[in-house]
Amino acid sequence: MLDEYLQNTLFFLQTNQTAAIVIGVAVVALFYFKTKEMFKLVAFCFFMAIVFYLITLLAGTLNTGAKQKDQMIYKSKEALGE
């Protein structure tokens, strides 16, 4: 899902170079005039990316564990002849 949004954004910026330049100039201006706030924003975005990664990693682990549990239940039933 996130990968699709990234691809769409990159495609938009590649086809609309004027918009890309305006966004780039705005980001550079914000870093120049509001340096402290922008570094706080970058740190917050980095923190959120780490949290998102850990949540998806944990969800994947739980999903794998649930699948293995279901497989073991069916194997036990087959062994008992049910």
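Values in this document were obtained by computation on a predicted structure and should not be read as measured data. (Residues numbered from 1 in each chain as written. Predicted model: local features only at pLDDT ≥ 70, side-chain atom pairs only at ≥ 80, totals over all residues. Heavy atoms only, no water.)

**Notes on the overall build of the protein chain**
- For the protein chain, the count of helices and strands is 3 helices and 0 strands.
- Each helix and strand of the protein chain, ordered N terminal to C terminal, gives the series α-α-α.
- Within the protein chain, the fraction of its 82 residues that count as buried is 1%.
- Accessible surface computed for the protein chain: about 7,700 Å², of which carbon and sulfur atoms make up 71%. (Helix = DSSP H or I, 4+ residues; strand = E, 2+ residues; numbered from the N terminus. Buried < 20%, exposed > 50% of the residue type's maximum accessible area, 1.4 Å probe, protein only. Areas by Shrake-Rupley, 256 points an atom, 1.4 Å probe, with all protein chains shown as cover.)

**A closer look at the confidence of the model for the protein chain**
- A residue-level look at the protein chain finds 73% of positions with pLDDT of 70 or above and a mean pLDDT of 82.
- Mean pLDDT across the elements of the protein chain ranges from a minimum in helix 3 (residues 35–80), with 78, to a maximum in helix 2 (residues 17–33), with 92. (pLDDT = per-residue confidence, 0-100.)

**Quick notes on the packing of helix 1 (residues 2–15) against helix 2**
- Relative to each other, helix 1 and helix 2 sit at 105 degrees, their axes nearing to 5 Å. For the element pair helix 1 / helix 2, the angle class is roughly perpendicular. Where helix 1 approaches helix 2, its residues Phe12, Leu13, Gln14 and Thr15 are matched on the opposing element by Gln17, Ala19, Ala20 and Ile23.
- Split into classes, the residues belonging to the contact of helix 1 with helix 2 amount to 5 nonpolar, 3 polar and no charged. (Axes fitted to C-alpha atoms, helices over the stretch in contact; angles between N-to-C directions. Parallel < 35°, antiparallel > 145°, perpendicular 65-115°, else oblique. Contact = heavy atoms within 4.5 Å. Nonpolar A, V, L, I, M, F, W, Y, C, P; charged D, E, K, R; others polar.)

**What about the packing of aromatic side chains?**
- Enumeration over the complete set of coordinates arrives at 2 aromatic pairs.
- Relative to Phe39, the ring of Phe31 lies with its centre 5.5 Å away and its plane at 70 degrees, an arrangement referred to as edge-to-face.
- With relative accessibility at 49%, the residue Phe39 sits in the partly exposed group.
- Geometrically, the ring pair formed by Tyr32 and Phe33 is edge-to-face, given 5.0 Å between the ring centres and 80 degrees between the ring planes.
- Judged by its relative accessible area of 64%, Phe33 falls in the exposed class. (Phe/Tyr/Trp six-rings, centres within 6.5 Å; stacked < 30°, edge-to-face > 60°.)

**Some words on a nonpolar patch on the surface**
- Taken together, the side chains of Phe46, Ile50, Tyr53, Leu54 and Leu57 make up a nonpolar region of the molecular surface, amounting to roughly 530 Å² of accessible area.
- Turning to its location among the elements, Phe46 is positioned in helix 3. (Patch = residues over 30% accessible without salt bridge, like charges linked within 9 Å, V, L, I, M, F, W, Y side chains within 5 Å. Salt bridge = Lys/Arg side-chain N within 4 Å of Asp/Glu carboxyl O.)

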